[in-house]
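What follows is the residue order along each chain.
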Amino acid sequence: MKISVLLLGFGNVGREFCSLLERKGDKIFSEYGCTIQIKGISTQRRGNLYSEEGLHMPSVFRAEEETGRIDCLRSNGLYISPTLEDLLNNGDYHILVDTTFSSLETGEPARTYMEKALSRGKSVVTCNKSPVFLWYHSLSSLARERGAKFLFEGTVMCGTPLFSLFRHGLPATEVLSFEGVLNGTCNYILELMRQGSTLDDALLDAQRRGYAEPDPSVDIDGWDSAYKAMIVAQAIMGAPRLTKDMIEVRGIREVTPEMLNMTRIKGGVVRLLSKIERKQNSFKIEVAPTALPANHPLVTLYGVTNGAVLCTDTMGEICIEGAGAGSRFAAFALLQDVLSIANSMRR
Ligand SMILES: NC(=O)c1ccc[n+]([C@@H]2O[C@H](COP(=O)([O-])OP(=O)(O)OC[C@H]3O[C@@H](n4cnc5c(N)ncnc54)[C@H](OP(=O)(O)O)[C@@H]3O)[C@@H](O)[C@H]2O)c1
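- By the naming in an unreviewed UniProt entry, the protein chain is Homoserine dehydrogenase, taken from Aminobacterium colombiense.
- Reading the Catalytic activity (unreviewed entry) entry of the UniProt record for the protein chain gives the comment "L-homoserine + NADP(+) = L-aspartate 4-semialdehyde + NADPH + H(+)".
- Taken directly from UniProt, the Sequence similarities (unreviewed entry) text for the protein chain runs: "Belongs to the homoserine dehydrogenase family."

Printed below as a string of structure tokens:
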């Protein structure tokens, strides 16, 4: 079976995803009996490309390296360069894989692209947070109505399988509470501050290593962690539609050397913790720098690692940790989702 993909975005994650498919093609075929084929790619400024036969990815990589664009390949006759609108309305593919950025206020433009795909019964996989934390409920119900899937493993904890753990490993389970260290950049900065750096120096270091954005306020002020907590609460804890004003958010600017020292003396660490508590049908979601005691399961998270503790009604406490940032991990998250859809298509 061939599973075809329309890929939105050919940046760090989009490219890594295509390379991963090239590297893992044989393994995927032997384990899943299918081939994942990229049929079309759309970018914002570097053109679009589509082929009914599937794109030959080594040629696309070469063309992109030589010209900075992908649409130059259309000249060989096999490939065309339609508009994104045309691809979304008429493209023949199974899964839309979104690796673009969207507005944190509206989730656009990806939300509209996803709605178009889902309305046509195409499944959607994304690592782009804002359409998910803002529109999880409407996009999921549209997917259900049209017999499609809407998956987003890469939006929280990157490739560390949080949502697939819940979907496949915790059947009929209720998650009663959740604690997560969900922002790798803050974790890295807090660790440097624990060792004596100031916030400004630690931030500069994180930026030099490519961990932090040039405008790091979404990370530092706790909003990235809050958006991820909104996804978790809605997707695995049954929260109704959430808006930003329902979350209490405090970032790491308020962390003082005294707080770090006091916590260290007791054997603990300060981490930016996202907490979700559910009491019957009401949800309390909080993001704040928190002194974790020495015996807390997330106390050993260092660097850009992420971790989460899920308190469940079936298995008690479950703890997972793993990569929290990096395009190759995000690409793997996309692959997990694509293969999960491929599996459901085989049945
Ligand atoms: N990088 C990571 O470690 C990581 C980890 C987890 C999640 N993510 C998420 O993954 C997404 C992509 O990250 P990235 O690092 O790959 O970013 P990137 O390198 O900037 O790539 C973004 C790609 O999206 C394309 N694009 C933007 N707007 C578009 C539009 N309206 N229509 C079609 N294409 C559009 C861009 O086109 P051009 O090439 O023309 O600019 C580019 O190819 C983001 O949502 C990010 O939050 C990233």
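1. Quick look at the overall build of the protein chain
- Secondary structure summary: the protein chain contains twelve helices and twelve strands in total.
- Relative to the 2.2 N^0.38 estimate, which gives 20 Å for 347 residues, the radius of gyration of the protein chain is 21 Å and therefore close to what a compact globule would have.
- Principal axes of the C-alpha set define a box for the protein chain whose edges measure 70 × 45 × 40 Å.
- Burial status across the protein chain gives 53% buried among its 347 residues.
- The long-range fraction of contacts in the protein chain, counting pairs at least 24 apart against all pairs at least 6 apart in sequence, stands at 69%.

2. Regarding the UniProt feature "binding site: NADP(+)" (unreviewed entry) in the protein chain
- The feature "binding site: NADP(+)" (unreviewed entry), as given by UniProt, occupies Gly-9, Phe-10, Gly-11, Asn-12, Val-13 and Gly-14 in the numbering adopted here. Considering only the annotated residues already named, the ones lining the largest pocket are Gly-9, Phe-10, Gly-11, Asn-12, Val-13 and Gly-14.
- Counting through the fold element by element, Gly-9 comes out in the loop between strand E1 (2-8) and helix H1 (12-32).
- Excluding its chain neighbours within four sequence positions, the residues that come into contact with Gly-9 are Gly-14, Ser-42, Thr-99 and Thr-100.
- Along the chain, the position of Asn-12 falls in helix H1.

3. Focus on the domain arrangement of the protein chain
- When the domains of the protein chain are assigned, the result is domain 1 (2-158 + 327-346) and domain 2 (169-322).
- For domain 1 versus domain 2, the distance between C-alpha centres works out to 29 Å.
- Counting residues at the interface gives 13 residues for domain 1, matched by 20 residues for domain 2.
- Both faces considered, domain 1 and domain 2 share a buried interface measuring about 1400 Å² in area, 71% of it formed by carbon and sulfur atoms.
- Summed over the shared surface of domain 1 and domain 2, the number is two salt bridges.
- Here Lys-244 ties to Glu-105 by a salt bridge, and the two come within 3.2 Å at their closest N and O atoms.
- The tally of links between domain 1 and domain 2 comes to five residue pairs in polar contact (both at pLDDT 80 or more).
- Its residues placed into classes, the side of domain 1 that touches domain 2 shows nine nonpolar, two polar and two charged.

4. Digging into the UniProt feature "active site" (unreviewed entry) in the protein chain
- Per the UniProt record, "active site" (unreviewed entry) is found at Lys-228.
- Residue placement: Lys-228 occurs in helix H10 (residues 223-236).
- Lys-228 sits in the buried class, given a relative accessible area of 8%.

5. A closer look at the pairing of strand E9 (residues 269-279)
- Where strand E7 (residues 175-181) meets E9, four bridges bridge the pair, whose relative direction is antiparallel. Counterpart to Ser-177 in the pairing with E9 is Glu-277.
- Strand direction decides the pairing type here: E9 and strand E10 (residues 282-292), joined by eleven bridges, are antiparallel. Within the sheet, the bridge partner assigned to Ile-276 lies in E10 and is Ile-285.
- Between E9 and E10, which follow one another and run antiparallel, lie two residues, and Gln-280 among them has a positive phi close to 50°.

6. Remarks on the environment of Asp-92
- Along the chain, Asp-92 turns up in the loop between helix H3 (84-90) and strand E4 (95-98).
- By relative accessible area, which is 40% here, Asp-92 ends up partly exposed.
- Sequence separation between Asp-92 and Asp-313 is 221 residues, and the spatial gap between their C-alpha atoms is 43 Å.
- The contacts of Asp-92, once residues within four sequence positions are left out, are Ser-4, Lys-39, Tyr-50, Glu-52 and Lys-122.

Reading the values: the criteria
- Residues numbered from 1 in each chain as written.
- Predicted model: local features only at pLDDT ≥ 70, side-chain atom pairs only at ≥ 80, totals over all residues.
- Heavy atoms only, no water.
- UniProt positions renumbered as here; feature names shortened; annotations may be inferred.
- Helix = DSSP H or I, 4+ residues; strand = E, 2+ residues; numbered from the N terminus.
- Rg over C-alpha atoms; globule rule 2.2 N^0.38 Å.
- Buried < 20%, exposed > 50% of the residue type's maximum accessible area, 1.4 Å probe, protein only.
- Contact = heavy atoms within 4.5 Å.
- 1 Å grid on protein atoms, 1.4 Å probe; cavity = no way out; pocket = protein on both sides within 12 Å on 5 of 7 lines; lining within 4 Å.
- Domains from an automatic or database assignment.
- Buried area = accessible area lost by both parts, 1.4 Å probe.
- Salt bridge = Lys/Arg side-chain N within 4 Å of Asp/Glu carboxyl O.
- Polar contact = N/O pair within 3.5 Å; in protein donor to acceptor, adjacent residues only side chain to side chain.
- Nonpolar A, V, L, I, M, F, W, Y, C, P; charged D, E, K, R; others polar.
- Pairing = 2+ DSSP bridges.

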